[in-house]
Amino acid sequence: MSARLLLVNGPNLNLLGTREPEVYGTATLADVERLAAAAALDAGYGLRAIQSNHEGVLIDAIHEARGDCVGIIINPGGLTHTSVSLRDALTGVGLPFAEVHISDVHAREEFRHHSYLDDVAAVRVIGQGIDGYAEAVRRLTALIP
């Protein structure tokens, strides 16, 4: 298995399992990474995962993915609504990517309704809990030749 995907989780996703469980559930980031890795393996891909609360670290990881990954699954957390730089990194590397959100962002506060990624993401999965990560992997890998 030579092809690999990059899984990117943005700010505050390290708090999964304890942060607002009524919104995000009780699964942890480790659970998310295991689920995504299993879905990637089922599709014939490896998976490298990163989580950071720092935008520049995420951008650097996206840039590095150009050298060893064929696609990206990203939950940008709050950067969804604020980061043109993250959008530029994702479009700049030229890899197809899936945008994932655990909660239904459209049923939440008004500021969460706008995504800087929605018009450039190959796949969007919203409001499916952590199962959305596996769905994003399946839908993204179906697009990769």
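In what follows, the structure referred to is the one given above.
All residue numbers here refer to positions counted from 1 along the written sequence of the relevant chain. Only residues with pLDDT of at least 70 are given local features in this predicted model, and only at 80 or more are side-chain atom pairs given and counted; all residues enter the totals for whole chains, interfaces and linings. Only hydrogens and water are set aside when side-chain values are computed; all heavy atoms of the structure are taken into account.

## Brief notes about the sheet that holds strand S3 (residues 71-75)
If DSSP finds at least two bridges between two strands, the strands pair. What counts as a helix is a DSSP run of H or I of at least four residues, what counts as a strand is a run of E of at least two, and both are numbered from the N terminus. What the five strands build is an open sheet, ordered S2-S1-S3-S4-S5; its pairing is parallel. Every interior strand has two partners, whereas the edge strands, strand S2 (46-51) and strand S5 (123-126), have only one. Pairs of neighbouring strands in the sheet enclose a mean axial angle of 15°, with direction left out of account. With four bridges connecting them, strand S4 (residues 97-101) and S5 associate as parallel partners. What sits directly across from His101, in S5, is Ile126. Note on definitions: angles span 0 to 180 degrees between N-to-C directions of axes, and those axes are lines fitted to C-alpha atoms, for helices only across the stretch in contact.

## With respect to the packing of helix H2 (residues 29-42) against helix H5 (residues 131-143)
Where H2 meets H5, the closest approach of the two axes is 8 Å, and the angle between their N-to-C directions is 25°. The angle between the axes of H2 and H5 places the two elements in the roughly parallel class. Considering only the axes of H2 and H5, their crossing is right-handed. Within the contact between the two elements, H2 uses Val32, Leu35, Ala36, Ala39 and Ala40 and H5 uses Asp131, Tyr133, Ala134 and Val137. Just so you know the grouping, Ala, Val, Leu, Ile, Met, Phe, Trp, Tyr, Cys and Pro go in nonpolar, Asp, Glu, Lys and Arg go in charged, and all remaining residues, Gly too, go in polar. Here the residues of the contact of H2 with H5 are counted per class, giving eight nonpolar, no polar and one charged. For classification purposes, an angle smaller than 35 degrees is called roughly parallel, one larger than 145 roughly antiparallel, one from 65 to 115 roughly perpendicular, and anything else oblique. Definitions for this section: a left-handed crossing has its near helix turned counterclockwise from the far helix by less than a right angle. A right-handed crossing has that turn clockwise. By definition in these notes, contact holds between two residues if any of their heavy atoms fall within 4.5 Å.

## Thoughts on the pairing of S4
Most of S4 sits out of view: five of its five residues are buried. Note on exposure labels: buried denotes an accessible area under 20% of the residue type's maximum, exposed denotes more than 50%, and partly exposed covers the range between, all computed with a 1.4 Å probe on protein chains only. Every second residue of S4 is oriented toward a common face, with Phe97, Glu99 and His101 on one face and Ala98 and Val100 on the other, all of them buried. As judged from the three bridges shared by S3 and S4, these two strands associate in the parallel manner. Bridging from a neighbouring strand, Ile74 pairs with Glu99 of S4. The definition of a right-handed crossover adopted here requires that, viewed with the strands pointing away, the path from the first strand over the helix to the second runs clockwise. Once the chain exits S3 it traverses helix H4 (residues 84-93) before rejoining the sheet at S4, and the crossover so formed is right-handed.

## Points about the pattern of salt bridges
Every case where a carboxyl oxygen of Asp or Glu lies within 4 Å of a side-chain nitrogen of Lys or Arg is listed as a salt bridge. In total, this model carries seven salt bridges according to the counting rule given. Here Arg19 ties to Glu20 by a salt bridge, and the two come within 3.5 Å at their closest N and O atoms. Where Glu135 meets Arg138, a salt bridge forms, and the shortest distance between an N and an O atom there is 3.3 Å. In this pair, Glu135 and Arg138 are both assigned in helix H5, three residues apart and thus about one turn of the helix distant. Residue class for Glu135 comes out partly exposed when judged on its relative accessible area of 22%. Linked by salt bridges that have partners in common, Arg4, Arg48 and Asp68 make up one network.

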